[in-house]
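# Structural description and commentary
Single-letter residue listing:
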Amino acid sequence: MPVVIIIAIITLIIYLLLGFSIGKAIITFVTILVVACPCSLGLATPLAMVISEGLCASNGILVKKSEILENASKINTIVFDKTGTLTYGKLKISKIYNYSNLKDNDILQLAGSIETKSTHPIGKAFTDYMKENKIAKLQVNNFEDVSGFGIIGEIQKQKIILGNRKILTKYNIENKYEEDEKELAKQGNSIIYVIKDSKIMALIGVNDIIRENAKQVIEKINEKNIETIMLTGDNKDTAEKIGKELGITKVMANVLPKEKAEMIKNLKLQNKNVMMCGDGINDSPALANANIGVSVKSGTDIAMDSSDVILTKNDLESILKLINISEKTIKNIKQNLFWAFFYNSLMIPIAIGILNPIGITINPMWASLSMVCSSLTVILNALRLKKYKA
C-alpha cells in the first residue's frame, strides 16, 4: 500500500510538471489507487483458509486454529502414542501368570476392583472381564494414580500395587519373573504387575488390536519422507514388536508422561516440525508442546483440550488428509497471490499512462471493473479447493 500511494503521488506531481491539467492529473492519481485496490490480495489467504477448514470438517478433522492448515504442510516428524492411537484401545486380558495361592479370578477381582477407578484404557479391559465373568467389585480405599507407573489401592486394609515394570524400580521390588514378562511381550501384550506386601503376586498380559488401516497410513506417511516415531509408556519388547509390524521408523518405550513432553521439546530443538498424535491424559503435555497436537475423538477431554486438531472419525487416515489439504491450501494461496501481484504489476503501468502514446487509456470506472475481475479470479481459484477429494 505505501508503494502504491507513493507511485500515485509521484505520478500526480509528474503530470502537473509536464503541464497536464489538474483534472487529468487527479484522474490518473485516482485510477492508480483504484486499479491497485488490494481486494484480491486481501481475499487470497483468508478465503482459501475458510474453504479448507470446511473441507477438513467434511473429512472429520476439527481444526481449532487456521494457522494449523499452514503449519501442517511443514511437518517432517509425526510422533504417535500407542494405546488408543495406533491401536483401538479396546484391550482384552489375554493371559495371567499367577504366583500366589489365590485363584486367577481372585487375583483379577483384586486388580479389577482397583482398575475400575482408572481412566486408562487398560482399566476398561479389567472392567469388561469382571462383567463378562460376573465377578463382584470390591471396595477400594486410598486410591492413587502414579502417573506413568501404575495405580495403588487398598482392599480389606491390604495395599495392592498395579503397574508396569518401572513401578518395581520405584518401590524396590525384586523381579524374579523376567522370562515370563518377555514371553508375554513377544506376544504383543502390555504387562501389568500385581504386587502385595512387596512381592509380585501375578503378571497379567493385556492385548490390544492394531487399528485396521494403521500400517497403510504409516507407509504413506513414510513415502512423504516424514519421520514416524512411537512414544509409549509400554515395555520395550511389546512396543518394538508393534512398531516393526507397522513400519514405524523409531520406537521409544518405557517413557513417562513428563518425558514425552521433554522428547517433543528435544525434537523441536533439532529443528524438526513435530506433530504429536495421542488420546490420553498422559499425552496432554506432549500434545501441548508439539508444533501441532492431534487427538482422536475417543481420547480423554484433557487430551482434546490440549490438542490443536481433533479427528472426529477416529481414523488415522485423517492425519494424511490434514497434511494433503494443507499442502493443497498453501499451493492455492500461492496461486492467488501470484495472480493478485501479476494483475497489479500489469495494470498499474497502464493506469500511470505508459500506453497513452498508442491510444490505450483507462479511467477510474474501468479501473474499478478490472479490479473486480481480479478479485473474481482469486475467488474462483480458491473455490476450486471445494472440489478437492482428500
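To be clear, the structure that these remarks concern was listed above.
Residues numbered from 1 in each chain as written. Predicted model: local features only at pLDDT ≥ 70, side-chain atom pairs only at ≥ 80, totals over all residues. Heavy atoms only, no water.

## Re the pattern of salt bridges
Worth spelling out the cut-off: Here a salt bridge means any side-chain nitrogen of Lys or Arg lying within 4 Å of a carboxyl oxygen belonging to Asp or Glu. Going along the chain from the N terminus, every DSSP run of H or I of four or more residues is numbered as a helix, and every run of E of two or more is numbered as a strand. Each residue's exposure class comes from its accessible area (1.4 Å probe, protein chains only) as a fraction of the maximum for that residue type: buried when under 20%, exposed when over 50%, partly exposed otherwise.
The full count for this structure, using the stated rule, is eleven salt bridges. A salt bridge links Asp308 to Lys65; the nearest nitrogen and oxygen atoms lie 3.3 Å apart. Separated by 243 residues along the polypeptide, Asp308 in the loop between helix H14 (301-306) and strand S13 (309-311) and Lys65 in the loop between strand S1 (61-63) and helix H4 (67-71) bring together distant segments of the chain. A relative accessible area of 10% places Asp308 in the buried class. Residue Lys65 is classed as partly exposed on the basis of its relative accessible area, which comes to 37%. A salt bridge links Glu178 to Arg165; its shortest N-O distance comes to 3.0 Å. On the criterion of sequence distance, the pair formed by Glu178 in helix H9 (residues 178-186) and Arg165 in the loop between strand S6 (158-163) and helix H8 (166-170) is long-range, its members being 13 residues apart. Assessed through its relative accessible area of 34%, Glu178 is described here as partly exposed.

## Some points on the sheet that holds strand S3 (residues 92-98)
As a reminder, the rule being used: Note on pairing: DSSP must find at least two bridges between two strands before they are called paired. A fitted line through C-alpha atoms represents every axis, and for helices the fit uses only the stretch in contact; the resulting angles, taken between N-to-C directions, go from 0 to 180 degrees. Working rule for contacts: check all heavy atoms of both residues, and any pair within 4.5 Å makes them a contact.
Spatial strand order, S3-S8-S7-S6-S5-S4: six strands in an open sheet with antiparallel pairing. At either end of the open sheet lies a strand with only one pairing partner, and these are S3 and strand S4 (141-146). On average, each strand axis in the sheet is inclined to that of its neighbour by 20 degrees, with strand direction left out of account. Two strands pair when backbone bridges link them, and strand S7 (residues 190-196) and strand S8 (residues 199-207) are joined in this way by seven bridges, in the antiparallel orientation. Its bridge partner being in S8, Lys196 is matched across the sheet by Lys199. On the sheet, H9 packs against S3, S7 and S8 and is oriented at approximately 10 degrees with respect to S8.

## Let's talk about the packing of helix H2 (residues 22-35) against helix H15 (residues 317-352)
Quick note on the threshold: Oblique is the label for every angle not falling under 35 degrees (roughly parallel), over 145 degrees (roughly antiparallel), or within 65 to 115 degrees (roughly perpendicular). Three classes are used, and their members are as follows: Ala, Val, Leu, Ile, Met, Phe, Trp, Tyr, Cys and Pro are nonpolar, Asp, Glu, Lys and Arg are charged, and the others, Gly among them, are polar.
Where H2 contacts H15, the axes come no closer than 9 Å and their chain directions differ by 170 degrees. In terms of orientation, H2 lies roughly antiparallel with respect to H15. Counting all contacts with H2, which are made through Thr28, Thr31, Ile32 and Val35, the residues of H15 involved are Tyr343, Asn344, Met347, Ile348, Ala351 and Ile352. Per-class residue counts for the contact of H2 with H15 are seven nonpolar, three polar and no charged.

## Section: unusual backbone geometry
Of note in this structure, Lys134 is not a glycine but carries a positive phi near 55 degrees. Mapped onto the elements of the fold, Lys134 is located in the loop between helix H7 (121-132) and S4. Here the phi dihedral of Asn254 falls at roughly 55 degrees; this positive angle occurs in a residue that is not glycine. Following the sequence through the fold, Asn254 ends up in the loop between strand S10 (250-252) and helix H12 (257-269). With relative accessibility at 31%, the residue Asn254 sits in the partly exposed group.

## Re a positive patch on the surface
To keep it simple, the criterion reads: What goes into a patch is any residue over 30% in relative accessible area without a salt bridge, connected to like charges within 9 Å or, for nonpolar side chains (Val, Leu, Ile, Met, Phe, Trp, Tyr), within 5 Å. Every accessible area reported is derived by Shrake-Rupley at a probe size of 1.4 Å, with residue values counting cover from the shown protein chains alone. Asp and Glu are treated as the negative residues and Lys and Arg as the positive ones, with His and the ends of the chain left uncounted. Charge positions come from single atoms, namely NZ of Lys, CZ of Arg, CG of Asp or CD of Glu.
A contiguous patch of positive charge, built from Lys328, Lys331, Arg384 and Lys387, is present on the exposed surface. When you line up the elements, Lys387 lands in the segment after helix H16 (364-383). The exposure class assigned to Lys387 is exposed, which follows from its relative accessible area of 72%.

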